[in-house]
Amino acid sequence: MWHNNILETIGHTPMVKLNKIVKDIPATVLAKIETTNPGNSIKDRMALKMIEDAEKNGKLKPGGTIIEGTSGNTGMGLAIAAVIKGYKCIFTSTDKQSKEKFDALRAFGAEVIVCPTNVEPEDPRSYYSVSSRLEKEVPNSWKPNQYDNLSNSQAHYESTGPEIWEQTEGKITHLVVGVGTGGTISGTARFLKEKNPDIKVLGIDTYGSVFKKYKETGEFDKNEIYPYITEGIGEDFLPQNVDFSLIDHFEKVTDKDAALMTREIARKEGIFAGNSTGSAVAGVLQMKDMFKEGDVVVIIFPDHGTRYLGKMYNDDWLRDRGFLKEEKLTARNIISKKENQEIVTIDCEKSVLEAINTIKSLNISQIPVTQKGMVIGKITESDILDSLMENPGIKSQPVKSISTAPFPFIDLNTPIDKISGMINRDNIAVLVEDDNGKIEIITQYDIINAISA
């Protein structure tokens, strides 16, 4: 059976058990994967609901323009619905959002206006203020106002909550959701708590946001507000969609923990999710003592990782913000990955024939040459071959007669790229002294082995 249009595919998203990343949590932890919506995010649900309700009450008229302040995902949901229903879209957003989000919105024909992040909501430059001004200036326009439009939370009361209840067979004990507009957590929580008031609802907040302190003290503290990197959660004001009475606890997660966990989810669970998902999973791990065996914890995974390729999934971006340490391999790492075997050397007074036999029997290609235990040179397969071609009788001569300059010595902290640059056709290895004074040899094979280990 087919769908009449793409909007009919919204919702009915899968639920997947998490395993490796939550191995230290005794509860069953499930992920509600909202990336299978047509706009790859949970915001498709509320975007369509807001439009349909606006059509019913006459606020959105045929041929109208939808104007909204959005970080990207709500815009995507609105843009897709607008394509099907014949509306134009103008979106305002902040300069902290990923470029991929803006590109995706423009792909659906929307106009995107980028505004500064670090300004008050009331500032005429803020993306809230700009969208409000445009609504007044653009004829036949409508601003959904996802933060205060209660159709947002109603969408999740009607769809997300019932789906979770059905998929867990009513066994859910904890709901974990990143809180931004508040629609997802409030609407879903309202439905689930009507089914079972004992279900705990845990909101994920970020440092720089006002939610947690307001929940715990009732105080709106502007000193809590400062710029942060995490996308999709936290706010510097109180949206009407955030029903604090339905949220039992807020857990704050740092930008760094959220960013690094976003990557870990892909690498450990094979789920390519966005930044707020990383924040939610990191929050669950911080709250692990709240969960016991038999609990069923549902985490909502709101959006897809493709919108964060230039950020959380980009090593350079992470390093620039100090989230990812520069962890280049060094000589120390390379020798630690080698098999523990004694380095083979040959005394400079030994014959070339003995060197040939040693190379043959040990299947090696080079030997450091020593004098009274000190490395003074080297002899390689190519050195021997060149000498034999010129003078077959050289086999009886001492090794020192054909040895060449020794392999260069490096220290244990020499990075792998520098070591690799030192190894070439004329110099096929380097030597390093370990912490115990033992000489080790490093070849190209050792470097390859260390990288691929």
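Residues numbered from 1 in each chain as written. Predicted model: local features only at pLDDT ≥ 70, side-chain atom pairs only at ≥ 80, totals over all residues. Heavy atoms only, no water.

J.: Describe the pattern of salt bridges, with residues and values.
T.: Tallied over the entire structure, the rule returns 25 salt bridges. Here Asp248 and Lys193 are joined by a salt bridge, their closest N and O atoms 3.1 Å apart. Remark: Lys193 occurs in helix H7 (residues 183-195) and Asp248 occurs in the loop between helix H8 (211-217) and strand E9 (249-253); sequence separation between them is 55 residues. Using a relative accessible area of 35% as the deciding quantity, one classes Asp248 as partly exposed. (Salt bridge = Lys/Arg side-chain N within 4 Å of Asp/Glu carboxyl O. Helix = DSSP H or I, 4+ residues; strand = E, 2+ residues; numbered from the N terminus. Buried < 20%, exposed > 50% of the residue type's maximum accessible area, 1.4 Å probe, protein only.)

J.: Can you lay out the pairing of strand E4 (residues 88-94) for me, pointing to particular residues and giving the numbers?
T.: Burial analysis of E4 places 6 of its 7 residues in the buried class, which makes it a mostly covered element. Of the pairings in the sheet, the one linking strand E3 (residues 65-69) to E4 comprises 5 bridges and is parallel in character. When the sheet's bridge partners are listed, Thr65 is paired in E4 with Lys88. In this structure, E4 lies alongside strand E5 (residues 111-115), joined through 5 bridges in parallel fashion. Following the sheet pairing, Phe91 is matched in E5 by Val112. With helix H3 (residues 99-107) bridging E4 and the parallel E5, this β-α-β connection has right-handed handedness. (Pairing = 2+ DSSP bridges. Right-handed = clockwise from strand over helix to strand, strands pointing away.)

J.: An account of the packing of helix H9 (residues 255-269) against helix H10 (residues 275-286) is needed here, citing residue identities and associated values.
T.: Running from N to C, H9 and H10 point in directions that differ by 100°, and their axes come no closer than 7 Å. As far as their axial angle goes, H10 and H9 are roughly perpendicular. Note on element contacts: H10 touches H9 through Asn275, Thr277, Gly278, Ser279, Val281, Ala282, Leu285 and Gln286, opposite Asp257, Ala258, Ala259, Met261, Thr262 and Ile265. (Axes fitted to C-alpha atoms, helices over the stretch in contact; angles between N-to-C directions. Parallel < 35°, antiparallel > 145°, perpendicular 65-115°, else oblique. Contact = heavy atoms within 4.5 Å.)

J.: Outline empty space enclosed by the protein, supporting the account with residue identities and numerical values.
T.: Going through the model one piece at a time under the given rule, you end up with 1 cavity of 30 Å³ or more. In this structure, the largest cavity spans a volume of roughly 30 Å³. Lining of the largest cavity is provided by Leu7, Ile10, Pro38, Asp44, Leu48, Gly77, Ile80 and Ala81. Counted by class, the lining of the largest cavity contains 6 nonpolar, 1 polar and 1 charged residues. (1 Å grid on protein atoms, 1.4 Å probe; cavity = no way out; pocket = protein on both sides within 12 Å on 5 of 7 lines; lining within 4 Å. Points joined across faces, edges and corners; volume = space filled by probe spheres on them. Nonpolar A, V, L, I, M, F, W, Y, C, P; charged D, E, K, R; others polar.)

J.: Quick one: what's the story with helix H13 (residues 352-362), residue by residue and with numbers?
T.: All buried positions along H13 are accounted for by Val352, Ala355, Ile356 and Ile359. Each buried residue of H13 sits inside an arc of 100° when the element is viewed along its axis, so together they form one side. On its buried side, H13 packs onto strand E11 (346-347), strand E12 (366-371), strand E13 (374-380) and helix H14 (381-390). Just past H13, the residue Asn363 takes up positive phi, approximately 55°. (Arc of directions from axis to C-beta.)

J.: Tell me about the sheet that holds strand E16 (residues 439-443), and name the residues and values.
T.: Through backbone hydrogen bonds, the strands of a sheet pair up, either in parallel or in antiparallel fashion. Spatially, E14-E15-E16 is the arrangement adopted by the 3 strands of the open sheet, whose pairing is mixed. Each end of this open sheet is capped by a strand with a single partner; those strands are strand E14 (409-410) and E16.

J.: Which residues make up the pairing of E3, and what are the values?
T.: The element E3 is extensively covered by neighbouring structure, given that 5 of its 5 residues are classed as buried. Taking every second residue as pointing to the same face, both faces of E3 are buried, with Thr65, Ile67 and Gly69 on one and Ile66 and Glu68 on the other. Alignment of E3 against strand E6 (residues 141-142), held across 2 bridges, turns out to be parallel. Note on E6: the bridge partner recorded for Thr65 is Ser141.

J.: Which residues make up the nonpolar core, and what are the values?
T.: With 27 residues, the main nonpolar core has Leu18, Phe291, Ile299 and Phe301 as its most contacted residues. Looking at this core, the elements with two or more residues in it are strand E2 (28-33), strand E8 (200-206), H9, H10 and strand E10 (296-301). In terms of residues, this core owes the most to one element, H10, which gives 4 residues. The residues contacting Ile299, other than those within four sequence positions of it, are Leu18, Val29, Leu30, Ala31, Lys32, Val176, Ala280, Val281 and Val284. In this structure, Leu48, Ala79, Leu105 and Val112 belong to the second largest nonpolar core, which totals 26 residues. (Core = buried A, V, L, I, M, F, W, Y, C linked by side-chain atoms within 4.5 Å.)

J.: Quick one: what's the story with a nonpolar patch on the surface, residue by residue and with numbers?
T.: A cluster of nonpolar side chains, contributed by Ile6, Val83, Ile84 and Phe108, occupies part of the molecular surface with about 330 Å² of accessible area. For Ile84, the location among the structural elements is in helix H2 (residues 73-85). (Patch = residues over 30% accessible without salt bridge, like charges linked within 9 Å, V, L, I, M, F, W, Y side chains within 5 Å. Areas by Shrake-Rupley, 256 points an atom, 1.4 Å probe, with all protein chains shown as cover.)

J.: Give a detailed account of the packing of helix H5 (residues 151-158) against H7, specifying residues and quantitative values.
T.: The relative placement of two packed helices is expressed as an angle between their axes plus a distance between the axes. Where H5 contacts H7, the axes come no closer than 7 Å and their chain directions differ by 40°. Classified by the interaxial angle, the pair formed by H5 and H7 is oblique. Both H5 and H7 take part in a crossing whose hand is right-handed. Contacts between H5 and H7 involve Asn152, Ser153, Gln154, His156 and Tyr157 from the first element and Gly183, Thr184, Ser186, Gly187, Thr188, Arg190, Phe191 and Glu194 from the second. A per-class count over the contact of H5 with H7 returns 2 nonpolar, 9 polar and 2 charged. (Left-handed = near helix turned anticlockwise from the far one by under 90°.)

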